[in-house]
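Overview (structure and organization)
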Amino acid sequence: MAPVVAGARRRAHRDGDGQIDTAHLLHSLLETDPGVRAAFGGGPQPARVLGYLVQRSIGYGLRWHGTVEDSGAAPLVREDAVAGWSPPAVSAMRGALERAALRGASPSGGLELLAALASDPACRAVQVLERAGVDTRALSGRLSPGPRQVSRG
């Protein structure tokens, strides 16, 4: 997860955003984790999602610039807030840890974070995914916690 967080931090800084939000996490996930790209089942969806994310600073997503992401899933003012992170991004990272624990794995990985992002219907990452034609409910369902089969080949 360290490369994902580092990429999201760079993206937020480059975009002039004061906080890492769920769209920054999604962008970094798609760039760094081939398993996340494969979770879309092949086809053009990952490229389409990346296209929307790239447009964030030049058009799509400008309405977010300078605002705090608040999906309603978590209160904006929280005792457990993390400086430099939007509340939904913090919730997604915690959700990824919980999903990894449910399947008996540590540390969490990109698929757990993708599942946590896709399960918050009002976060920026879901807005991007849906704009790109991704069925986020189906994606979240495919990535639901449980033991994963590891292929040995």
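Residues numbered from 1 in each chain as written. Predicted model: local features only at pLDDT ≥ 70, side-chain atom pairs only at ≥ 80, totals over all residues. Heavy atoms only, no water.

Next up on the list: the environment of Asp-135. Relative to the elements of secondary structure, Asp-135 occurs in the loop between α7 (124-131) and α8 (136-142). There is a polar contact of 3.2 Å between the side chain of Asp-135 and the backbone nitrogen of Arg-137. A polar contact of 3.1 Å, which involves the side chain of Asp-135, links it to the backbone nitrogen of Ala-138. (Helix = DSSP H or I, 4+ residues; strand = E, 2+ residues; numbered from the N terminus. Polar contact = N/O pair within 3.5 Å; in protein donor to acceptor, adjacent residues only side chain to side chain.)

Of all the residues in α7, the buried ones are Arg-124, Ala-125, Val-126, Val-128 and Leu-129. The elements touched by buried residues of α7 are α2 (22-32), α4 (45-54), α6 (110-118) and α8. (Buried < 20%, exposed > 50% of the residue type's maximum accessible area, 1.4 Å probe, protein only. Contact = heavy atoms within 4.5 Å.)

With that settled, consider the packing of α4 against α7. Viewed as axis vectors pointing N to C, α4 and α7 meet at an angle of 125°, and their least axial separation amounts to 8 Å. Put simply, α4 runs oblique to α7. Taken as a pair, α4 and α7 cross one another with a handedness that is right-handed. Of the residues in α7, those touching α4 at Val-49, Tyr-52 and Leu-53 are Val-128, Leu-129 and Arg-131. Of the residues belonging to the contact of α4 with α7, the class tally is 5 nonpolar, no polar and 1 charged. (Axes fitted to C-alpha atoms, helices over the stretch in contact; angles between N-to-C directions. Parallel < 35°, antiparallel > 145°, perpendicular 65-115°, else oblique. Left-handed = near helix turned anticlockwise from the far one by under 90°. Nonpolar A, V, L, I, M, F, W, Y, C, P; charged D, E, K, R; others polar.)

The next subject is the side chain of Asp-21. Looking at the element boundaries, Asp-21 is found in the loop between α1 (2-15) and α2. Residue classification places Asp-21 among the buried residues on the basis of a relative accessible area of 2%. Within the structure, the side chain of Asp-21 is placed 2.9 Å from the backbone nitrogen of Ala-23, a separation counted as a polar contact. Polar contacts involving the side chain of Asp-21 include one to the main-chain amide nitrogen of His-24, which spans 2.9 Å. Contacts of Asp-21, omitting those with residues within four sequence positions, involve Arg-56, Glu-69, Ser-86, Ala-89 and Arg-124.

So, on to the nonpolar core. Ranked by internal contacts, the top residues of the largest apolar core, which has 37 residues, are Leu-25, Leu-26, Val-49, Leu-113 and Leu-114. Mapped onto this core, the elements with two or more residues apiece are α1, α2, α4, α5 (87-102), α6 and α7. Examining the composition of this core, we find that 6 residues originate from one element, α6, more than from any other. The contact partners of Leu-25, leaving out residues within four places of it in the chain, are Val-4, Ala-8, Ile-20, Trp-85, Ala-89, Met-93, Leu-113 and Leu-117. (Core = buried A, V, L, I, M, F, W, Y, C linked by side-chain atoms within 4.5 Å.)

On to the packing of α2 against α7, then. Taken N-terminus to C-terminus, the directions of α2 and α7 make an angle of 55°; their axes are 6 Å apart at the nearest point. Taken as axis vectors, α2 and α7 run oblique relative to one another. Two secondary-structure elements touch here, α2 through Thr-22, Ala-23 and Leu-26 and α7 through Arg-124, Ala-125, Val-128 and Leu-129. When grouped by side-chain class, the residues that make up the contact of α2 with α7 number 5 nonpolar, 1 polar and 1 charged.

It is worth spelling out the confidence of the model for the protein at this point. Per-residue confidence for the protein averages 82 on the pLDDT scale, and 79% of its residues sit at or above 70. By mean pLDDT, α8 is the weakest element of the protein at 90, and α2 is the strongest at 95. Counting contacts from residues 147-153, a segment whose pLDDT is below 50, to residues more than four positions away or on other chains yields 4 contacts. (pLDDT = per-residue confidence, 0-100.)

Turning to α1, a few remarks are in order. Over its 14 residues, α1 extends 20 Å from the first C-alpha to the last, a length consistent with the 20 Å expected when each residue adds 1.5 Å. Buried within α1 we find Val-4, Val-5, Gly-7, Ala-8, Arg-11, Ala-12 and Asp-15. Viewed along the axis of α1, the buried residues span an arc of 165°, placing them on a single side of the element. Turned more than 90 degrees from where α1 packs its buried face, Ala-2, Pro-3, His-13 and Arg-14 sit exposed. For α1, the elements touching its buried residues are α2, α5 and α6. Looking one or two places after α1, you find Gly-16, whose phi comes out positive at around 75°. (Expected span 1.5 Å × (residues − 1). Arc of directions from axis to C-beta.)

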